[in-house]
Amino acid sequence: EDFNTSSLNMNDLESIDVLKDASATAVYGARGANGVVIITTRRGKAGAPQIGYSGSLGKSVAGGKEMEMLSPYEFVKLQFEIDSGRAAGLYYRGDRQRIEDYRDVQGTNWYDKIVKPAGFQSHSINVAGGNANTKYLASGSYVDQSGLVLNSGFSRYQARLKLDQNVSKRVRF
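Residues numbered from 1 in each chain as written. Predicted model: local features only at pLDDT ≥ 70, side-chain atom pairs only at ≥ 80, totals over all residues. Heavy atoms only, no water.

> What is the right way to read the environment of Asn126 from this model?
Structurally, Asn126 can be placed in strand β4 (residues 118-130). In this structure Asn126 comes out as buried when scored by relative accessible area, which is 9%. Between the alpha carbons of Asn126 and Arg86 there is a distance of 62 Å; along the sequence they are 40 residues apart. For Asn126, the contacting residues outside a window of four places in its chain are Arg42, Gln50, Ile51, Gly52, Ala138 and Ser139. (Helix = DSSP H or I, 4+ residues; strand = E, 2+ residues; numbered from the N terminus. Buried < 20%, exposed > 50% of the residue type's maximum accessible area, 1.4 Å probe, protein only. Contact = heavy atoms within 4.5 Å.)

> Sorry if this is basic, but what is going on with the sheet that holds strand β6 (residues 154-165) here?
The strand order across the open sheet built from four strands is β3-β4-β5-β6, with neighbouring strands paired in antiparallel fashion. Edge strands, defined here as strands with exactly one partner in the open sheet, are β3 (47-60) and β6. The average undirected angle you get between the axes of adjacent strands in this sheet is 5°. Relative to β4, β3 runs antiparallel, the two being bridged by twelve bridges. From the neighbouring strand, Gly47 faces β4, where its bridge partner is Gly130. (Pairing = 2+ DSSP bridges. Axes fitted to C-alpha atoms, helices over the stretch in contact; angles between N-to-C directions.)

> I would appreciate a short explanation of the packing of helix α2 (residues 72-82) against helix α3 (residues 84-91) in the present structure.
When two helices pack together, their arrangement is given by the angle between their axes and by how far apart the axes lie. Here α2 crosses α3 at 140°, and the two axes come no closer than 6 Å. If you check the angle between α2 and α3, you find them oblique. Within the contact between the two elements, α2 uses Phe75, Val76, Gln79, Phe80 and Ile82 and α3 uses Ser84, Ala87, Ala88 and Tyr91. Taken together, the residues of the contact of α2 with α3 sort by class into seven nonpolar, two polar and no charged. (Parallel < 35°, antiparallel > 145°, perpendicular 65-115°, else oblique. Nonpolar A, V, L, I, M, F, W, Y, C, P; charged D, E, K, R; others polar.)

> What is the right way to look at the pattern of salt bridges in this model?
Pairing between side chains of opposite charge can happen when their charged atoms approach one another. Under the criterion given, the structure shown has four salt bridges. As a salt-bridge pair, Asp164 and Arg43 come within 3.3 Å of each other at their nearest N and O atoms. Of the two residues, Asp164 sits in strand β6 while Arg43 sits in the loop between β2 (36-41) and β3, which places them 121 residues apart along the sequence. Its relative accessible area of 21% is what places Asp164 among the partly exposed residues. Looking at Arg43, the relative accessible area reads 43%, which means it is partly exposed. (Salt bridge = Lys/Arg side-chain N within 4 Å of Asp/Glu carboxyl O.)

As structure tokens, then:
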């Protein structure tokens, strides 16, 4: 309940099953009435250690047509159309006392300053093995995405250890 799927390394998934009929209600009661998602993660198998790696690298660029920006003159003119009383106090300062004084002002293209090509990388490694009584799977992953918009990146580190132990005690008389 209230499971966070971002806590899973997708490379650790073995299967995803959806129970959406009476079997979900039979197993989970009223909480299973709308269906149940069962996520099964991989586990170690008896045998020599097996090492696995998965990785990817890439680059993202903003697609489509770049947004057109207003020039300083167009922006100030728009502000006066919206609220001339407020705009006069904000934009009539110093040597700029008329809207026309903004006609030759060089503007800043904020789209170019904020949106940049972004790289991403993902790496996942796991080790699995064991014997008849103890099986293990240890995995770790790293994801890094720079983000197209300045300061919108994302990084995540994950680690997981699954240990299955079959303990059977023999009693001698």
